[in-house]
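Listed below, chain by chain, are the residues.
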Amino acid sequence: MIGRDTIAAIATPPGIGGIGVIRISGTAAEGIARRLFRAARPLEAFLSHHLYHGEIVAPETGAVLDDVLVTLMKGPHTYTGEDTLEINCHGGPMILRTVLAEVVQAGARPAARGEFTKRAFLNGRLDLSQAEAVLDMITAKTPEGAAAAVNRRMGKLSGRIEAIRNAVINLLAGIEAAIDFAEDDGVVEATGTNLPAFQAVIDDLHSLAATYRRGRLIREGISVVIAGRPNVGKSSLLNRILGEKRAIVNPIPGTTRDFIEETVNIGGIPVRLTDTAGIHDPENSIEKEGIDLLWERLVTADVVLLLLDGSMALTPVDREVLVQMQARLLIPVINKSDLPQQLDEKMLRDLLPEGTPATVRISAKYGDGIDRLTEAIHEMILATPAEEMPAESIADLRHKVALEKAAECLGRARKGLYDGLPSELAALEVREALDSLGEITGRTTSEEVLDRIFANFCVGK
Ligand SMILES: Nc1nc2c(ncn2[C@@H]2O[C@H](COP(=O)(O)OP(=O)(O)O)[C@@H](O)[C@H]2O)c(=O)[nH]1
Ligand SMILES: [Mg+2]
C-alpha cells in the first residue's frame with residue numbers, strides 16, 4: 001500500500017538462537033536490501049521470493065556485520081501485502097541489534113507491537129478475526145488450542161460469519177422490499193413470511209456464540225489447586241498427573257512449603273496445576289502467612305481438588321477445611337486407595353455441599369483412578385461431558401459479545417415485525433446486527449479497538 005512508512009523489527013524471540021530474523025515491510029524494503037546486502041555471487045536484481053546468500057555490510061565503514069540469507073518478497077503476495085524483506089542473521093542479540101540499527105539508518109523505523117499483522121489487516125490480507133487468530137496460534141498452550149487458532153487463521157470463522165452476514169442481508173432485503181411494496185400499494189403487513197428465517201439466523205448466532213466457553217478454556221486454560229491436610233499425598237498426586245517427579249514427596253508432614261505450579265494438558269485444556277503446602281493450624285506467624293496465602297490461591301482457583309487420606313478417619317482439620325471450602329468448585333478425592341480404608345465416605349458426603357461431584361478414589365502412589373480424576377476435572381470445567389469442538393469456534397469475548405448483540409437485534413426486529421410495528425424499525429435493528437457482525441471481521445471496528453487488539457501482539461509480528 002502506498003503512503004505508509006517502512007517498518008522493521010527483530011521477528012525472533014530475544015536471546016541466543018540458531019538464527020534470528022529481521023523483518024522489514026514497506027516501500028523502502030528493496031532500497032534497504034540494495035544498500036546493506038552484498039550478494040555472495042554477482043546479482044543484477046532481486047527475484048521476488050528467492051533466497052540469496054551474502055553479507056550485511058555497514059555502508060559507512062564497509063564493516064561486515066553478518067553472513068546472511070535474505071529474501072525480498074514483492075507485494076501484494078506477502079504477509080503484510082507490502083514489499084517485505086527478511087534477513088536471516090545468526091541468532092545473536094548483538095548481531096541482530098547491530099543489523100537492525102543499520103536497517104533503521106537506511107530508512108526504516110522500528111515497528112510497534114503487532115504492526116506487521118495490523119498492516120496485513122489494513123491491506124486486506126487478513127480480516128480481523130484472522131489477525132487475532134495469529135496471536136492465538138503463537139500463544140496456544142495445547143495442540144488443540146493451536147489447531148483451533150489455525151482454523152480461525154485459515155478463515156473458517158470468517159467464512160461462517162460471512163454466511164450469517166449474507167443471511168442477514170437477505171432478511172434486510174426482504175424488509176426493504178416490503179417497505180417499498182407498502183409505499184406503492186398502501187398495504188402494511190407483507191413481511192410475516194420472513195419470521196422463520198429470522199429465527200434460523202438467530203439460532204445460528206447462538207450456536208456459534210456457544211462455542212466460546214470451550215474455545216476460551218482451550219485458549220486460556222484454567223487453574224486447579226490441590227489442597228488438603230499435610231501428608232495426604234498432594235505432591236504425589238501432582239507428580240502422578242505430570243508423569244514426573246516435580247514436587248518432593250516425603251512422609252514427613254510439611255515437606256512442601258511453596259506453591260509448585262505446572263501446566264498439563266487435560267482434554268485439550270491447559271490446566272495450571274498447583275501443589276500447595278498442607279492446611280493445618282499454624283503454629284507461628286510464618287506458618288500463618290503461608291496458610292493465608294494458600295487461602296488466597298484457593299479463592300482464585302477454578303477448581304479445587306480436595307485431597308483426603310482414605311487410610312485414616314476424617315480429622316478435625318479435614319472437617320474444618322471442608323467447611324471453609326463450601327463455596328468452591330471442588331472435587332473430593334480420596335487418596336491411598338491401596339491401603340486398608342478407614343475414611344467414612346458417607347460422613348464425608350454429609351459434610352459436602354449438595355451438588356458436589358462424585359468422590360474420586362485414587363492411589364497417587366500406584367496410579368489407580370488418575371484417569372477418572374482427570375475426566376472428572378474435564379467434566380467439571382466444561383459442565384458437560386467432552387464434546388467435539390466444531391471447526392468454526394470463537395475464543396474471544398469480543399466475538400461472543402458481537403454475536404449475542406447481533407442475535408438480540410434480530411430478535412427485536414423479529415418481534416417488531418410480529419407485533420406489526422413499522423418495518424423501518426425492524427430494518428434499523430437488522431442494520432445494527434450487520435454492524436455487530438462486522439466488528440468480528442473488522443468491517444466496522446473502531447480504530448481504538450484495533451489499537452487495543454494489536455497492542456497484545458509482540459514486536460515483529
Ligand atoms: N500407600 C500410599 N501412600 C501414599 C499415596 N500417596 C502418597 N503416599 C505417601 O504419603 C506420604 C505423603 O505424601 P506427599 O505426596 O508428600 O503428601 P503431601 O504432604 O500431601 O504433599 C508419602 O510417604 C507418600 O509416599 C498412596 O496413594 N498410597
Ligand atoms: Mg507436599
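As the structure is a computational prediction, the values presented were derived from the model and not from experiment.

A. Layout of helix α1 (residues 29-36). Among the residues of α1, those classed as buried are Ala-29, Ile-32, Ala-33 and Leu-36. The buried residues of α1 all sit within an arc of 100 degrees when viewed along its axis, so they share a single face. Considering only its buried residues, α1 is in contact with β2 (17-25), β3 (37-39), β4 (50-57), β5 (64-73), β6 (84-91) and α2 (93-105).

B. Unusual backbone geometry, seen in detail. Residue Gly-75 is joined to Pro-76 through a cis peptide bond whose omega torsion reads 5 degrees. Turning to its location among the elements, Pro-76 is positioned in the loop between β5 and β6. Within the chain, Lys-336 stands out as a residue other than glycine whose phi angle is a positive 65 degrees. Within the secondary structure layout, Lys-336 lies in the loop between β12 (330-335) and α12 (345-351).

C. Spatial organisation of the domain arrangement of the chain. Once the domains are mapped, the chain shows domain 1 (7-111), domain 2 (156-211 + 393-455) and domain 3 (222-382). For domain 1 versus domain 2, the separation of C-alpha centres amounts to 46 Å.

D. Expanded view of the pairing of β6. Pairing of β2 with β6, which is carried by eight bridges, proceeds in the antiparallel orientation. Across the sheet, residue Ile-19 finds its bridge partner in β6, namely His-90. Sheet topology note: the β5/β6 ladder contains five bridges and is antiparallel. Looking at the pairing, Val-70 lines up with Ile-87 of β6.

E. Up close: the sheet that holds β5. Judged by pairing direction, the sheet is mixed, and its seven strands sit side by side in the order β3-β4-β5-β6-β2-β1-β7 without closing on themselves. With partners counted over all chains shown, the strands left at the sheet margins are β3 and β7 (109-110), one partner each.

F. Structural view of helix α7 (residues 195-209). The end-to-end C-alpha distance of α7 is 21 Å, a good match for the 21 Å that 15 residues give at a rise of 1.5 Å each. For α7, the complete set of buried residues consists of Phe-198, Val-201, Leu-205 and Leu-208. Down the axis, α7 shows its buried residues gathered within 95 degrees of arc, on one side only. Exposed side chains of α7 directed beyond 90 degrees from the buried face belong to Pro-196, Ala-200, Asp-203, His-206 and Ser-207.

G. Quick look at the site of ligand 1. Near ligand 1 lie 20 residues; those nearest to it are Gly-233, Lys-234, Ser-235, Ser-236 and Lys-365. A total of three residues in the shell around ligand 1 trace back to one element, the largest contributor, which is helix α9 (residues 234-242). Taken together, the residues that form the shell around ligand 1 break down as six nonpolar, ten polar and four charged.

H. Local environment of the sheet that holds strand β13 (residues 360-361). Sheet architecture is open: six strands sit in the order β9-β10-β8-β11-β12-β13, paired in mixed fashion. Of all strands in the sheet, those with a lone pairing partner are β9 (260-266) and β13, marking the two edges. Here β12 pairs with β13 via two bridges, running parallel. Each bridged residue has a counterpart across the sheet, and for Val-333 the counterpart in β13 is Val-360.

I. Summary view of the packing of helix α4 (residues 128-139) against helix α5 (residues 143-153). α5 packs onto α4 with a crossing angle of 155 degrees between their chain directions and a minimal axis gap of 8 Å. Viewed along their axes, α4 and α5 adopt a mutual orientation that is roughly antiparallel. The hand of the α4/α5 crossing is left-handed. Of the residues in α5, those touching α4 at Ser-129, Gln-130, Ala-133, Val-134, Asp-136 and Met-137 are Ala-146, Ala-149, Val-150, Arg-152 and Arg-153.

J. Looking closely at the nonpolar core. Counting residues in hydrophobic clusters, the biggest one holds 109 residues, and the most contacted among them are Ile-22, Leu-306, Val-333 and Val-430. Counting residues per element, this core draws most heavily on helix α14 (residues 397-418), which supplies eight residues. Each residue touching Leu-306, except ones within four places of it in the same chain, is listed here: Ala-227, Gly-228, Val-321, Met-325, Leu-330, Ile-331, Pro-332 and Val-333.

K. Layout of the pairing of β9. The pairing of β9 with strand β10 (residues 269-275) spans seven bridges and is antiparallel. The residue of β10 that forms the bridge with Asn-265 is Pro-270. Between β9 and β10, which pair antiparallel and follow one another directly, the connecting turn spans two residues, one of which, Gly-267, has a positive phi of 55 degrees.

Analysis parameters
- Residues numbered from 1 in each chain as written.
- Chains lettered and ligands numbered in written order.
- Predicted model: local features only at pLDDT ≥ 70, side-chain atom pairs only at ≥ 80, totals over all residues.
- Buried ≥ 20, exposed ≤ 12 C-beta atoms within 10 Å, placed from the backbone.
- Helix = DSSP H or I, 4+ residues; strand = E, 2+ residues; numbered from the N terminus.
- Arc of directions from axis to C-beta.
- Contact = placed C-beta atoms within 7 Å.
- Domains from an automatic or database assignment.
- Pairing = 2+ DSSP bridges.
- Expected span 1.5 Å × (residues − 1).
- Near = placed C-beta within 6 Å.
- Nonpolar A, V, L, I, M, F, W, Y, C, P; charged D, E, K, R; others polar.
- Axes fitted to C-alpha atoms, helices over the stretch in contact; angles between N-to-C directions.
- Parallel < 35°, antiparallel > 145°, perpendicular 65-115°, else oblique.
- Left-handed = near helix turned anticlockwise from the far one by under 90°.
- Core = buried A, V, L, I, M, F, W, Y, C linked by C-beta atoms within 7 Å.

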